[in-house]
Amino acid sequence: MRAVVQRVSEARVAVDNKIVGEISRGLLVLVGVGHEDNQASAEYLSEKIVGLRIFEDDSGKMNKAVGEAGGEVLVVSQFTLYGDVRRGRRPSFDGAAPPETARALYEYFVARIRAAGIPCQTGKFQEMMQVELVNDGPVTILLDSSKEF
């Protein structure tokens, strides 16, 4: 699984101009599922995100995780994180898992975030979405469960 994690002061996702998920301070997580991913991938990624110390403490150092900072998480599925443009200019999405597999792992990932006690909103899986955010910092972290980066 791959994720783009952005520390935000606010974020929302809409489908057909209707807001389906919205948070104030916290993390916007764009997540993609690949062919090789499984529940262990979702567990690794969810634990890493819940524990990321990218919120400032009283000394101004990035030393707090989202829960310690009183933040929320907004998770949005994004298969395009598996877009491969090494050959040509049009992305190939062959590395993305099929929708039925991706949906199950996406839902498991969200359940793991919630089980950690973090308020978590979501977009709508396999829908065209509009995502708005105010990146705080800016702070953006790339994660990959296979530790490719």
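Check the entry above for the structure.
All values reported here derive from a predicted model rather than from experimental measurement.

> Which parts of the structure should I look at to understand the overall build of the protein?
Check the secondary structure of the protein and you find two helices and eight strands. Reading the protein from its N end, one meets helices and strands in the order β-β-β-α-β-β-β-α-β-β. At 15 Å, the protein has a C-alpha radius of gyration in line with the 15 Å of a compact globule built from 149 residues. Expressed as a percentage of the 149 residues in the protein, the buried residues total 42%. Taking as baseline every contact in the protein between residues at least 6 positions apart, the subset at least 24 positions apart corresponds to 72%. Element-wise, carbon and sulfur atoms account for 46% of the exposed surface of the protein, whose accessible area totals about 8,400 Å². One finds the centroid of the 18 positive side-chain charges in the protein at a distance of 3 Å from the centroid of its 21 negative side-chain charges.

> Looking at this structure, how should I read the nonpolar core?
The nonpolar side chains of soluble globular proteins are, as a tendency, buried together. Counting residues in each nonpolar core, the largest one holds 29 residues, and the members touching the most others are Val5, Leu27, Val29, Ile49, Val73, Val75 and Phe109. Elements supplying a minimum of two residues to this core: strand S1 (2–15), strand S3 (26–32), helix H1 (39–51), strand S6 (72–77), helix H2 (99–115) and strand S8 (130–144). When residues of this core are assigned to their parent elements, the largest contribution, six residues, is made by H2. With near-sequence residues (within four places) excluded, Leu27 lies in contact with Val5, Gln6, Arg7, Val8, Ile49, Ile54, Phe55, Val66, Glu72, Val73 and Leu74.

> Any chance you could explain the side chain of Ser41 here in plain terms?
Tracing the backbone through its elements, the reader meets Ser41 in helix H1. Looking at Ser41, the relative accessible area reads 10%, which means it is buried. Not counting the four nearest positions on each side in its chain, Ser41 is found in contact with Met1 and Ser145.

> It is not clear to me how the pattern of salt bridges should be interpreted in this structure. Could you clarify?
Close approach of charged atoms allows side chains with opposite charge to pair. The final tally for this structure, using the stated rule, is seven salt bridges. Among the ionic pairs, Arg7 bridges to Asp136, the shortest N-O distance being 3.5 Å. You can see Arg7 sitting in strand S1 and its partner Asp136 sitting in strand S8, a full 129 residues away along the chain. For Arg7, a relative accessible area of 6% puts it in the buried group. A relative accessible area of 29% means that Asp136 is categorised as partly exposed. Residue Glu10 pairs with Arg12 through a salt bridge whose shortest N-O separation is 3.0 Å. Classification of Arg12 as buried rests on a relative accessible area of 17%. Residues joined by salt bridges that share partners form a network here, namely Glu10, Arg12, Glu22 and Glu132.

> Is there a simple way to explain unusual backbone geometry in this structure?
The general pattern is negative phi for most residues beyond glycine and trans for most peptide bonds. Cis geometry marks the peptide bond from Gly137 to Pro138, where omega comes out at 0 degrees. Turning to its location among the elements, Pro138 is positioned in strand S8. For Asp16, which is not glycine, the phi torsion reads 55 degrees and is therefore positive. For Asp16, a relative accessible area of 69% gives the class exposed. Despite not being glycine, Asn17 has its phi angle at roughly 65 degrees, a positive value. Tracing the sequence through the fold places Asn17 in the loop between S1 and strand S2 (18–23).

Calculation rules
- Residue numbering note: each chain is counted from 1, following its sequence as written.
- With the structure being a predicted model, the display of local features is reserved for residues of pLDDT at least 70 and the display and counting of side-chain atom pairs for 80 or more, all residues being used for whole-chain, interface and lining totals.
- The side-chain quantities take in all heavy atoms of the structure and omit both hydrogens and water.
- Helical segments are the DSSP runs of H or I of at least four residues, strand segments are the runs of E of at least two, and each set is numbered from the N terminus.
- Here the radius of gyration uses the C-alpha set of atoms, whereas the globule reference equals 2.2 Å times the residue count to the power 0.38.
- Whether a residue is buried, partly exposed or exposed follows from its accessible area with a 1.4 Å probe, protein chains only, as a fraction of its type maximum: under 20%, in between, or over 50%, in that order.
- Any two residues having at least one pair of non-hydrogen atoms within 4.5 Å are treated as being in contact.
- Computed with the Shrake-Rupley method and a 1.4 Å probe, the accessible areas treat only the protein chains shown as cover for residues.
- His residues and chain termini do not enter the charge count, which takes Lys and Arg as positive and Asp and Glu as negative.
- Where a charge sits is defined by one atom per residue type, namely NZ (Lys), CZ (Arg), CG (Asp) or CD (Glu).
- To form a nonpolar core, buried Ala, Val, Leu, Ile, Met, Phe, Trp, Tyr and Cys residues must be joined to one another through side-chain atoms within 4.5 Å.
- Each reported salt bridge corresponds to a side-chain nitrogen of Lys or Arg within 4 Å of a carboxyl oxygen of Asp or Glu.

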